[in-house]
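Descriptive structure summary
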Amino acid sequence: MKTQKEKKHGAVRTAVQLGFTCFLNGYATGFSKGKIFTGKTKAFCVPVLNCYSCPGALGSCPIGALQAVLGKSHGKFPFYVLGTLMLFGVLCGRLLCSFVCPFGFIQDLLHKIPTKKLAVPQKIDKPLRYLKYAVLLLFVILLPLLAKDSNGISLPWFCKYICPAGTLEGGIPLVLSNQSLQALVGVLFGWKTAVLAVILVSSVFIHRCFCRYLCPLGAFYALFNKFSLYQMSVDEGKCIGCNKCESTCPMAVEVLKDINSPECIRCGKCKAACPTDAISSHFIRLPERYSLPKTPVESTKNTD
């Protein structure tokens, strides 16, 4: 039975997720006309997995943009894309996965369907968690960088063969609203639809299965969890060892052992479930030598 604090936290988080999903895909006309938005904001990368081809998308997906730059013949380094991802990674780690990512929100909604849930055995779960790093390295970086055709151009491998968000947000809406695309549907679309179906069904039984095992963006942000400015912490003086935090964690993180694990998406469920308020979340305060210099007025006040 959820406490009032847990219910309030869940409602606030759902509202934030819904708000960001609508904001990132706010071009409603695109859905009605079956056309991709091509305005000026499409030049900017959003910090989460949100397909460029979604008719309502107002920005570009960073994974798609990264592959596009690496896959071109000019050989330019994707400074802008990597810089954007690193900035958000340093600021908050995987916090964006929990509160901003539309596909993460969809997985959360599916897991609320009342049915018996599956607990993946650790001997299977732990090795599978490394799969997302392999997807990031192979499908997002190495193949676009190395597997180029005679013209020096490479495919967006992850987007074309794996990405379920792209199929759900872009492929299916565009095919349904364009007869010309329906005639072109073939084996590849069938494969992508099957991948999407497996992930969506799995999400009903396993909380955020795509985030756990396959998401390359989650893998990238996970690298920053340990030292991002946003951190979670456990007050050992207040902790009574009830383990409610670990039993409620959607990512099966060992909260008391490693609360800032790369697998933590900073959803705050452990914090809301803690009966003694032993868990807190905060942005680390930078040392004074990194703070902004004092103004002449402030310096005068300190010497008075």
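Before reading further, recall that the structure is shown in the block above.
Quick caveat, the model's predicted, so the values are computed rather than measured.

Some points on the overall build of the chain
A tally of helices and strands in the chain yields 18 helices and 2 strands. A globule of 304 residues ought to have a C-alpha radius of gyration of about 19 Å, and the chain, at 21 Å, matches this closely. With respect to the three principal axes, the spread of C-alpha positions in the chain is 70 × 60 × 40 Å. The 304 residues of the chain split such that 41% are buried. When contacts within the chain are restricted to residue pairs at least 6 apart in sequence, those whose partners lie at least 24 apart make up 74%.

So, helix α4 (residues 79-92)
Here α4 contains 14 residues, and its C-alpha end-to-end distance of 20 Å stays within 8% of the 20 Å for a straight helix at 1.5 Å per residue. All buried positions along α4 are accounted for by Val81, Leu82, Thr84, Leu85, Gly89 and Cys92. Across the axial projection of α4, the buried residues extend over an arc of 160 degrees, all falling on one side. On its buried face, α4 sits against α3 (62-70), α5 (95-99), α14 (216-222) and β1 (230-234).

Examining the side chain of Ser261
Following the sequence through the fold, Ser261 ends up in the loop between α16 (255-258) and α17 (269-273). For Ser261, a relative accessible area of 11% gives the class buried.

Description of the packing of aromatic side chains
Per the stated rule, a full pass over the model turns up 9 aromatic pairs. Measuring from centroid to centroid gives 4.6 Å for Phe77 and Phe79, while their planes differ by 55 degrees, and the two rings are tilted. Centre to centre, the rings of Tyr230 and Phe283 are 5.1 Å apart; their planes meet at 70 degrees, and the pair counts as edge-to-face. One end of the pair, Tyr230, is in strand β1; the other, Phe283, is in strand β2 (residues 279-283), with 53 residues separating them in the sequence. Residue classification places Phe283 among the exposed residues on the basis of a relative accessible area of 51%.

A few points about the pattern of salt bridges
Counted by the stated rule, this structure contains 9 salt bridges. Where Arg13 meets Asp108, a salt bridge forms, and the shortest distance between an N and an O atom there is 3.0 Å. Highlighted residues: Arg13 in helix α1 (residues 4-24) and Asp108 in helix α6 (residues 102-111), separated in sequence by 95 residues. For Asp108, the salt bridge goes to Arg208, with nearest N and O atoms at 2.9 Å. Here Asp108 is found in helix α6, whereas its partner Arg208 is found in the loop between α12 (187-205) and α13 (209-213), with 100 residues between them in sequence. Arg208 shares its class with Asp108; the two are buried. Connected via shared salt-bridge partners are Arg94, Asp125, Arg129, Lys132, Arg212 and Glu263.

Concerning the environment of Ile259
Tracing the backbone shows Ile259 in the loop between α16 and α17. Given the relative accessible area of 9%, Ile259 is considered buried. Separated by 13 residues in sequence, Ile259 and Glu246 place their C-alpha atoms 9.6 Å apart. Residue contacts for Ile259: discarding those within four places in its chain leaves Met232, Ser233, Val234, Glu254, Cys264 and Ile279.

Observations regarding the nonpolar core
Among the nonpolar cores identified, the biggest contains 58 residues, and Leu49, Phe103, Phe158 and Ile279 are the most heavily contacted of them. Contributions of two or more residues to this core are made by α3, α4, α5, α8 (131-146), α12, α13, α14 and β1. When residues no more than four places from it in sequence are discounted, the contact partners of Phe103 are Pro164, Ala165, Leu168, Glu169, Leu196, Ile199, Leu200 and Phe210.

A short note on the side chain of Lys132
Position of Lys132 relative to the elements: it lies in helix α8. What Lys132 contacts, discounting residues up to four positions off in sequence, is Arg94, Cys211, Arg212, Tyr213, Leu214, Cys215, Pro216, Ala219 and Glu263.

Some thoughts on a nonpolar patch on the surface
Taken together, the side chains of Leu137, Leu138, Leu142, Leu145 and Leu146 make up a nonpolar region of the molecular surface, amounting to roughly 440 Å² of accessible area. If you trace the backbone, Leu142 turns up in helix α8.

Considering the environment of Leu143
Mapped onto the elements, Leu143 comes out in helix α8. Put simply, Leu143 and Leu70 are 73 residues apart on the chain and 9.1 Å apart in space, counted from C-alpha to C-alpha.

Some details on unusual backbone geometry
The backbone of Ala252 sits at a positive phi, close to 55 degrees, despite the residue not being glycine. On the basis of relative accessible area, Ala252 is assigned to the partly exposed category, the value being 48%. Not every positive phi belongs to a glycine, and Asp277 is a case in point at roughly 55 degrees. Within the secondary structure, Asp277 sits in the loop between α17 and β2.

About the thresholds
- Residues numbered from 1 in each chain as written.
- Predicted model: local features only at pLDDT ≥ 70, side-chain atom pairs only at ≥ 80, totals over all residues.
- Heavy atoms only, no water.
- Helix = DSSP H or I, 4+ residues; strand = E, 2+ residues; numbered from the N terminus.
- Rg over C-alpha atoms; globule rule 2.2 N^0.38 Å.
- Buried < 20%, exposed > 50% of the residue type's maximum accessible area, 1.4 Å probe, protein only.
- Contact = heavy atoms within 4.5 Å.
- Expected span 1.5 Å × (residues − 1).
- Arc of directions from axis to C-beta.
- Phe/Tyr/Trp six-rings, centres within 6.5 Å; stacked < 30°, edge-to-face > 60°.
- Salt bridge = Lys/Arg side-chain N within 4 Å of Asp/Glu carboxyl O.
- Core = buried A, V, L, I, M, F, W, Y, C linked by side-chain atoms within 4.5 Å.
- Patch = residues over 30% accessible without salt bridge, like charges linked within 9 Å, V, L, I, M, F, W, Y side chains within 5 Å.
- Areas by Shrake-Rupley, 256 points an atom, 1.4 Å probe, with all protein chains shown as cover.

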